[in-house]
Amino acid sequence: MAEIGTDITTAKLLLDAGELVAIPTETVYGLACNALDAGAAAKIFAVKNRPEFDPLIIHVPDLQHARLYVSAVPEKAKLLAENFWPGPLTLVLQKRALIPDLVSAGLDTVGVRCPDHLLTQKLLRALTYPLAAPSANPFGYVSPTAATHVNDQLGSKIDYILDGGASTIGLESTIIGFEGDVPVVYRLGGLALEQIQNVIGEVTLMPHSSSNPRAPGQLKSHYSPAIPLVTGDIKMLMHQHHGLRFGILSFKHDYNSTPQIILSESGSLHEAARNLFSALRQFDEMDIELIIAEYVPDTGLGLAINDRLRRASTRRS
């Protein structure tokens, strides 16, 4: 298994040598490499079993560094970066030629993010290149929110996991691009839609696609646990699936059934988001045949939570 630690020097030496290192962020843990090294990026695709048409996000410490790797920053993108970086926001911008085509999946744009995590910020400022870092899990499965999650699934394939504790947000970043002057949300995530609209006004919400996505996280089937998951009214689903061994994933209500995981007894969407992926991983360890889940209120971070539940319930072929 991989070594787990907090040594930035160890992480830097491995990254400088073209190796992969798992890094913590406030959203989820990422599987990182030198974003300017196509050979290192190829290792990410191989380790994750990730299709090469799915682009990677590059991570930088701030907007000033981002400008080194993109050719233009539209005014609305600048406003968003000034308001929400560091934070759970990825901006899809026109890339400079030094970003390898493999990283951008052949697109002329690249997703750029400034993570809000002290340890990873220190690492980024110690490097002379950005980090490409998709979530540190096998492609299509539940994203990791702790170092142990990474080790469980990828520990035999990488050397080092930089341990920054549990992710404080627990959902991937919100991704926004620009088609002409129109801001487009390619992926709902840890930054609520209402917060974005308060800064730049109305945005277009792009549905997920089944192939050739413009940004990561757009595929229809994604974030899936190993056990089948169905969504809807909990009591109705319990009745429909009577006789199966199922677990219940509820927002805040106790259905007096075992096993059951409540995302937030207080009804906090932020707490529910933080607990979602960890809960799905816990169900994978249980002796059950089915996960029965309900949607949360479709507002704020609830939009992103429900998006993940819908896609987790789409079975992989």
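The preceding data block contains the structure.
Residues numbered from 1 in each chain as written. Predicted model: local features only at pLDDT ≥ 70, side-chain atom pairs only at ≥ 80, totals over all residues. Heavy atoms only, no water.

This next bit is on the overall build of the chain. Helix and strand content of the chain: 11 helices and 15 strands. For the chain, the C-alpha radius of gyration of 19 Å lies close to 20 Å, the compact-globule estimate for 317 residues. Across its three principal directions, the C-alpha atoms of the chain cover 55 × 45 × 35 Å. Of all intrachain contacts in the chain linking residues separated by at least 6 positions in sequence, the fraction that spans at least 24 positions is 68%. A total of about 12,900 Å² of accessible surface is found on the chain, and carbon and sulfur atoms cover 50% of it. Across the chain, 26 positive and 33 negative side-chain charges occur, with their mean positions spaced 3 Å apart. (Helix = DSSP H or I, 4+ residues; strand = E, 2+ residues; numbered from the N terminus. Rg over C-alpha atoms; globule rule 2.2 N^0.38 Å. Contact = heavy atoms within 4.5 Å. Areas by Shrake-Rupley, 256 points an atom, 1.4 Å probe, with all protein chains shown as cover. Lys, Arg positive; Asp, Glu negative; His and termini not counted. Charge placed at Lys NZ, Arg CZ, Asp CG, Glu CD.)

What follows concerns the nonpolar core. Counting residues in hydrophobic clusters, the biggest one holds 77 residues, and the most contacted among them are Leu80, Trp85, Leu91, Leu249, Leu276 and Ile305. Each residue touching Leu91, except ones within four places of it in the same chain, is listed here: Ala77, Leu80, Ala81, Trp85, Val110, Gly111, Val112, Ile176 and Phe178. Residues Leu15, Ala32, Ala133 and Tyr160 belong to the second largest nonpolar core, which totals 16 residues. (Core = buried A, V, L, I, M, F, W, Y, C linked by side-chain atoms within 4.5 Å. Buried < 20%, exposed > 50% of the residue type's maximum accessible area, 1.4 Å probe, protein only.)

So, about the pairing of strand E13 (residues 246–250). Counting buried positions over the five residues of E13 gives five, a clear majority of the element. Of the two faces of E13, the one lined by Phe246, Ile248 and Ser250 and the one lined by Gly247 and Leu249 are each fully buried. Two elements, E13 and strand E15 (residues 290–293), share four bridges in a ladder whose sense is parallel. Bridged to Gly247 within E15 is Ile291. (Pairing = 2+ DSSP bridges.)

Taken together, the 11 strands give an open sheet; going across it, the order is E1-E8-E2-E3-E7-E4-E6-E5-E9-E10-E11, and neighbouring strands pair in mixed fashion. The open sheet terminates on both sides in strands that have one partner only, identified here as strand E1 (3–5) and strand E11 (204–205). Packing against the sheet, helix H1 (residues 8–16) makes contact with strand E2 (21–23), strand E3 (30–34), strand E7 (131–132) and strand E8 (160–162), and its axis sits at approximately 130° to E8. (Axes fitted to C-alpha atoms, helices over the stretch in contact; angles between N-to-C directions.)

Right, let's get into the pattern of salt bridges. When the charged atoms of two side chains lie near each other, side chains of opposite charge can form a pair. The final tally for this structure, using the stated rule, is 12 salt bridges. Residues Asp101 and Lys95 are paired through a salt bridge, measuring 2.8 Å at the closest nitrogen-oxygen approach. Taken together, the shared-partner salt bridges in this structure form one network comprising Glu172, Asp307, Arg308 and Arg311. (Salt bridge = Lys/Arg side-chain N within 4 Å of Asp/Glu carboxyl O.)

As a further point, take the sheet that holds strand E12 (residues 229–231). Backbone-to-backbone hydrogen bonds join strands into a sheet, with any given pair of strands oriented parallel or antiparallel. Spatial strand order, E12-E15-E13-E14: four strands in an open sheet with parallel pairing. The sheet terminates laterally at E12 and strand E14 (260–262), the two strands that pair on one side only. Geometrically, the sheet is characterised by an average inter-axis angle of 20° between neighbouring strands, direction not taken into account. Note that E12 and E15 share three bridges and pair parallel. Each residue of the ladder has a partner; that of Val230, found in E15, is Ile292.

As a further point, take the environment of Leu14. Structurally, Leu14 can be placed in helix H1. Classification of Leu14 as buried rests on a relative accessible area of 18%. Measuring from C-alpha to C-alpha, the distance between Leu14 and Tyr160 comes to 8.2 Å, with 146 residues separating the pair along the chain. Contact partners of Leu14, with chain neighbours within four places excluded, come to Glu19, Val21, Asp159 and Tyr160.

This brings us to helix H8 (residues 193–200). In an α-helix, one turn spans 3.6 residues, which is why side chains three or four residues apart end up on the same side. Of all the positions in H8, only Leu193, Ile196 and Ile200 are classed as buried. Looking down the long axis of H8, one finds its buried residues gathered within 65° of arc, a one-sided arrangement. (Arc of directions from axis to C-beta.)

What follows deals with the packing of helix H4 (residues 75–84) against H8. For any two helices packed against each other, the geometry is given by the interaxial angle and the distance between the axes. Axis separation between H4 and H8 bottoms out at 10 Å; the angle between their running directions is 125°. Regarding the angle of H4 to H8, the classification is oblique. Two packed elements cross with a definite hand, and for H4 against H8 that hand is right-handed. Contacts between H4 and H8 involve Lys76, Leu79, Leu80, Asn83 and Phe84 from the first element and Gln195, Ile196, Val199 and Ile200 from the second. Taken together, the residues that form the contact of H4 with H8 break down as six nonpolar, two polar and one charged. (Parallel < 35°, antiparallel > 145°, perpendicular 65-115°, else oblique. Left-handed = near helix turned anticlockwise from the far one by under 90°. Nonpolar A, V, L, I, M, F, W, Y, C, P; charged D, E, K, R; others polar.)

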